[in-house]
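Notes for the structure review
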Amino acid sequence: MKKFSIVIAGGGSTYTPGIVMMLMHSLDRFPIRSLKLYDNNPERQKVIADAVALAMKKVAPDEAFIRGEVPMTKQEVRAAALAKLAVHPADTLWDVGAGTGSVSVELALAAPQGHVYAVECEPDACALIRRNREKFAAWNLSLIEGRAPAALEALPAPDAVFIGGTKGSMAAVVDTVLAKNANARICIAAIALESLSAAIAALTAHGLSAEVTQLAVSRTRPAGRLHLLTANNPIFLITGERK
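The present account deals with the structure reproduced in this document. Here the structure is a predicted model, which means the values were calculated and not measured. (Residues numbered from 1 in each chain as written. Predicted model: local features only at pLDDT ≥ 70, side-chain atom pairs only at ≥ 80, totals over all residues. Heavy atoms only, no water.)

The secondary structure content of the protein amounts to 7 helices and 11 strands. Considering the protein as a whole, with its 243 residues, one finds that 45% of them fall into the buried category. Taking as baseline every contact in the protein between residues at least 6 positions apart, the subset at least 24 positions apart corresponds to 68%. When the accessible surface of the protein is split by element, carbon and sulfur atoms take 54% of a total near 12,400 Å². (Helix = DSSP H or I, 4+ residues; strand = E, 2+ residues; numbered from the N terminus. Buried < 20%, exposed > 50% of the residue type's maximum accessible area, 1.4 Å probe, protein only. Contact = heavy atoms within 4.5 Å. Areas by Shrake-Rupley, 256 points an atom, 1.4 Å probe, with all protein chains shown as cover.)

So this is what it looks like as structure tokens:
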């Protein structure tokens, strides 16, 4: 099959990452040999080119995100969550308890024709979401400042939802999601056993069969001439399917 060389004039536009991601989703029908960006503002072009480079990675590395003191969902967990949610390019997506916005950004890059709503109530976390949205040029991401489930009421029905935190309102959040779309794909992340139990109970209350996956990730660290493994906290990912 013929491969195409693509040139994007005005490649410093904030629309460029979305255009590139749409091209990436069409590689089976429109294979690409090369991709070049041109813009008469070199500084603007570099910012967008860096964002495109990050967007073209399947999952961005943790160090690519601006973090501050807000807890962040790690790369391996983000990759598994995106797989569980089976994101489509035009999906409407919610990230409840968005934290730094790392999952929100990944969702936005995976759904360039869709839209992501990052719901977060902590002011410092909201500031980080804005900064990460700008860094990744994820302009199909909207920040919703407020506490779920109340902050969810005005949102459009989601195709898929990631729930990273509910501040004790797990059942009410799941109720709201499924009231908007009874067939919404849901993935809940939990660290504490109490949160795991609450997630299972919230899903089964709606007749869903809960599936639990535990992720236990260790990363190397240098120790003199050797390298040792340091474990991160185990994470549970809970999804629900109709029986």
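Let us look at the pattern of salt bridges. Counted by the stated rule, this structure contains 8 salt bridges. Among the ionic pairs, R78 bridges to D62, the shortest N-O distance being 2.9 Å. Placement of R78 in helix 3 (residues 75-85) and of D62 in the loop between helix 2 (42-55) and helix 3 is noted, with a sequence separation of 16 residues between them. For the pair R78 and D62, a shared accessibility class is recorded, and that class is buried. For the salt bridge of R219 with E76, the shortest nitrogen-to-oxygen distance reads 2.8 Å. Remark: E76 occurs in helix 3 and R219 occurs in strand 9 (residues 218-223); sequence separation between them is 143 residues. Taking the relative accessible area as the measure of exposure, R219 reaches 30% and is therefore partly exposed. Judged by relative accessible area, which is 30%, E76 ranks as partly exposed. Overlapping salt bridges, with partners in common, bring together D62, E76, R78, E106 and R219 in one network. (Salt bridge = Lys/Arg side-chain N within 4 Å of Asp/Glu carboxyl O.)

The subject of this paragraph is the nonpolar core. Ranked by size, the top nonpolar core spans 34 residues in total, and within it L107, F136, L141 and L237 carry the most contacts. Top contributing element to this core by residue count: helix 4 (residues 102-110), with 6 residues. Residues in contact with L237, not counting those within four places in the same chain, are V77, A80, A81, C187, I188, A189, E211, V212, T213 and L215. One finds V96, V173, A190 and A199 within the second-largest nonpolar core, a separate group that totals 27 residues. (Core = buried A, V, L, I, M, F, W, Y, C linked by side-chain atoms within 4.5 Å.)

What follows concerns the environment of I144. In this structure, I144 sits in strand 5 (residues 141-145). Separated by 50 residues in the primary sequence, I144 and W94 have C-alpha atoms spaced 10.0 Å apart. Among all residues touching I144, those that are not within four sequence positions of it are Y117, A118, V119, E120, A151 and L155.

Another point: the pairing of strand 3 (residues 92-96). Counting buried positions along strand 3 yields 5 of 5 residues, so the element is predominantly enclosed. Alternating positions in strand 3 separate into two faces, T92, W94 and V96 on one and L93 and D95 on the other, with burial throughout. Bridge count between strand 3 and strand 4 (residues 115-120): 5 bridges; the pairing is parallel. Bridging across to strand 4, D95 finds its partner in A118. Since strand 3 and strand 4 lie parallel, the crossover through helix 4 that links them has a hand, and here it is right-handed. Across 4 bridges, strand 3 lies against strand 6 (residues 160-163) in parallel orientation. (Pairing = 2+ DSSP bridges. Right-handed = clockwise from strand over helix to strand, strands pointing away.)

Between the alpha carbons of E76 and D62 there is a distance of 9.3 Å; along the sequence they are 14 residues apart. If we ignore the near neighbours within four places in the chain, the residues touching E76 are L215, V217 and R219. Polar contacts involving the side chain of E76 include one to the side chain of R219, which spans 2.8 Å. (Polar contact = N/O pair within 3.5 Å; in protein donor to acceptor, adjacent residues only side chain to side chain.)

This part takes up helix 3. Considered for burial, the residues of helix 3 that qualify are V77, R78, A80, A81, L82 and L85. Of the surrounding secondary structure, the elements contacted by the buried residues of helix 3 are helix 4, strand 6, strand 7 (185-190), strand 8 (208-215) and strand 11 (235-242). Residue A86 follows helix 3 closely and has a positive phi angle near 50 degrees.

That's the geometry; what it means functionally is another story.
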